[in-house]
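Letter by letter, the chains look like this.
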Amino acid sequence: SNQEADKPYPLADILSKTLADAGLARGHEHIVTVPTTVTALEAFRLLDHNHLRAAPVVDADRSGTRSLTRSLAAERLLFAVAAVVTTISVSDMRGLRSSNLKLVKRPLLDFLQHHRGDFHVSYTIHVTDKVQTALLQFMSVSVHRLWIVDDARKVQGALSMTDMIRVFAEALAA
């Protein structure tokens, strides 16, 4: 019908909104972060205690700048540490057996580097970034979540692909 032809692309409006305006950056009362100074065991206990599948690992000394490297298509990606260094997830427990269980007593970053073979870069997005930016970031990197940060690079929340799908479904149903 003519009425449908006059309708703009149904997702154009939502894609141009900021995360905050789209309801994707709601303030979380208590964001659980894991400091870089804890052991892997303490980090896993923190996840368990808070019923979380993952949490951002934040630099305990945010004043210094540290370079972390990650192999990426034969290049080295250097990034300066802001607040978020990496992500600790329940999936990081895969491969732990009685023979290597003592690894969890290591400092968290040592454990992750030894267990993963390298750091997994955590991706952040700003509360004022557009939904389109978040979608492009999800499409360009294989991560399950983006950490939402403010101007001070402090973690304000998490954005998952499930959150994005919910917003798109609501926009299409409207």
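Just above, that's the structure.
By convention here, each chain's residues receive numbers from 1 onward along its written sequence. Only residues with pLDDT of 70 or above have their local features reported here, since the model is predicted, and side-chain atom pairs are shown and tallied only from 80 upward, although totals for entire chains, interfaces and linings are computed over all residues. The basis for every side-chain value is the complete set of non-hydrogen atoms in the structure, without hydrogens or water.

Participant: Where do I start with the nonpolar core in this structure?
Facilitator: Generally speaking, nonpolar side chains in soluble globular proteins are found buried as a group. Here, the term nonpolar core denotes a set of buried Ala, Val, Leu, Ile, Met, Phe, Trp, Tyr and Cys residues that are joined through side-chain atoms within 4.5 Å. Three labels apply to residues, based on accessible area from a 1.4 Å probe with only protein chains included: buried if under 20% of the type maximum, exposed if over 50%, partly exposed otherwise in between. With 19 residues, the main nonpolar core has Leu24, Val131, Leu159 and Met164 as its most contacted residues. The set of elements that each furnish at least two residues to this core consists of helix H2 (12-16), helix H5 (131-140), strand S7 (145-149) and helix H6 (161-173). One finds Leu47, Ala55, Leu103 and Leu112 within the second-largest nonpolar core, a separate group that totals 16 residues. The way it works is that DSSP assigns letters per residue, a run of H or I at least four long becomes a helix, a run of E at least two long becomes a strand, and they are numbered from the N terminus.

Participant: Looking at this structure, I do not really get the sheet that holds strand S1 (residues 34-35). What am I missing?
Facilitator: Working definition: the strands of a sheet are paired by backbone hydrogen bonds and lie parallel or antiparallel to each other. Strand pairing requires that DSSP identify at least two bridges connecting the strands. Spatially, S1-S2-S5 is the arrangement adopted by the three strands of the open sheet, whose pairing is mixed. Looking along the sheet, the strands with just one partner apiece sit at the ends: S1 and strand S5 (84-89). Note: strand S2 (residues 54-58) against S5, five bridges, orientation antiparallel. Residue pairing for S5: alanine 54 is matched across the bridge by serine 89. Relative to S5, helix H3 (residues 40-49) is tilted by about 70°, and along the sheet it contacts S1, S2 and S5. What makes two residues a contact is simply this: any of their non-hydrogen atoms within 4.5 Å. Axis lines are fitted through C-alpha atoms, for helices just across the contact stretch, and the angle between N-to-C directions can take any value from 0 to 180 degrees.

Participant: Sorry if this is basic, but what is going on with the environment of leucine 19 here?
Facilitator: As for its position among the elements, leucine 19 is in the loop between H2 and S1. When the C-alpha atoms of leucine 19 and histidine 126 are compared, they prove to be 8.2 Å apart, with 107 residues separating the residues in sequence. Once you skip the residues sitting within four places of it in the chain, leucine 19 turns out to touch Leu24, Ala25, Ile125, His126, Val127, Asp129, Lys130, Val131, Ala134 and Leu159.

Participant: Quick question: what am I supposed to make of the side chain of threonine 87 here?
Facilitator: In this structure, threonine 87 sits in strand S5. Exposure remark for threonine 87: the relative accessible area of 14% places this residue in the buried category. There is a polar contact of 2.9 Å between the side chain of threonine 87 and the side chain of tryptophan 147. Any N or O atom pair separated by 3.5 Å or less is treated as a polar contact, with the protein-specific requirement of one donor-capable and one acceptor-capable atom, and with residues adjacent in sequence counted only for side-chain atom pairs.

Participant: It is not clear to me how the packing of H5 against H6 should be interpreted in this structure. Could you clarify?
Facilitator: Describing two packed helices takes the angle between their axes plus the distance from one axis to the other. It is at 11 Å that the axes of H5 and H6 come closest, and there the two elements cross at 135°. The orientation of H5 relative to H6 falls into the category oblique. You can see that H5 and H6 cross each other, and the crossing is left-handed. Facing H5, whose interface residues are Val131, Ala134, Leu135 and Phe138, H6 presents Met161, Met164 and Phe168. Oblique is the label for every angle not falling under 35 degrees (roughly parallel), over 145 degrees (roughly antiparallel), or within 65 to 115 degrees (roughly perpendicular). Crossings are sorted by hand: turned counterclockwise from the far helix by less than a right angle, the near helix makes the crossing left-handed, and turned clockwise it makes it right-handed.

Participant: I'm lost on unusual backbone geometry in this one. Help?
Facilitator: Apart from glycine, the bulk of residues carry a negative phi angle, and the bulk of peptide bonds sit in the trans form. Phi at histidine 51 is positive, roughly 55°, even though this residue is not glycine. Looking at the secondary structure, you find histidine 51 in the loop between H3 and S2. Since its relative accessible area comes to 74%, histidine 51 is described here as exposed.

Participant: Please clarify how the sheet that holds S7 should be interpreted in this entry.
Facilitator: The three strands lie next to each other as S6-S7-S8, forming an open sheet whose pairing is mixed. Either end of the sheet is taken by a strand with one partner, and the two such strands are strand S6 (124-126) and strand S8 (155-160). Strand-to-strand twist of the sheet, defined as the mean angle between neighbouring strand axes without regard to direction, takes the value 35°. The pairing of S6 with S7 spans three bridges and is classified as parallel. From the neighbouring strand, threonine 124 faces S7, where its bridge partner is tryptophan 147.

Take it as geometry only, folks, not as evidence of what the structure does.
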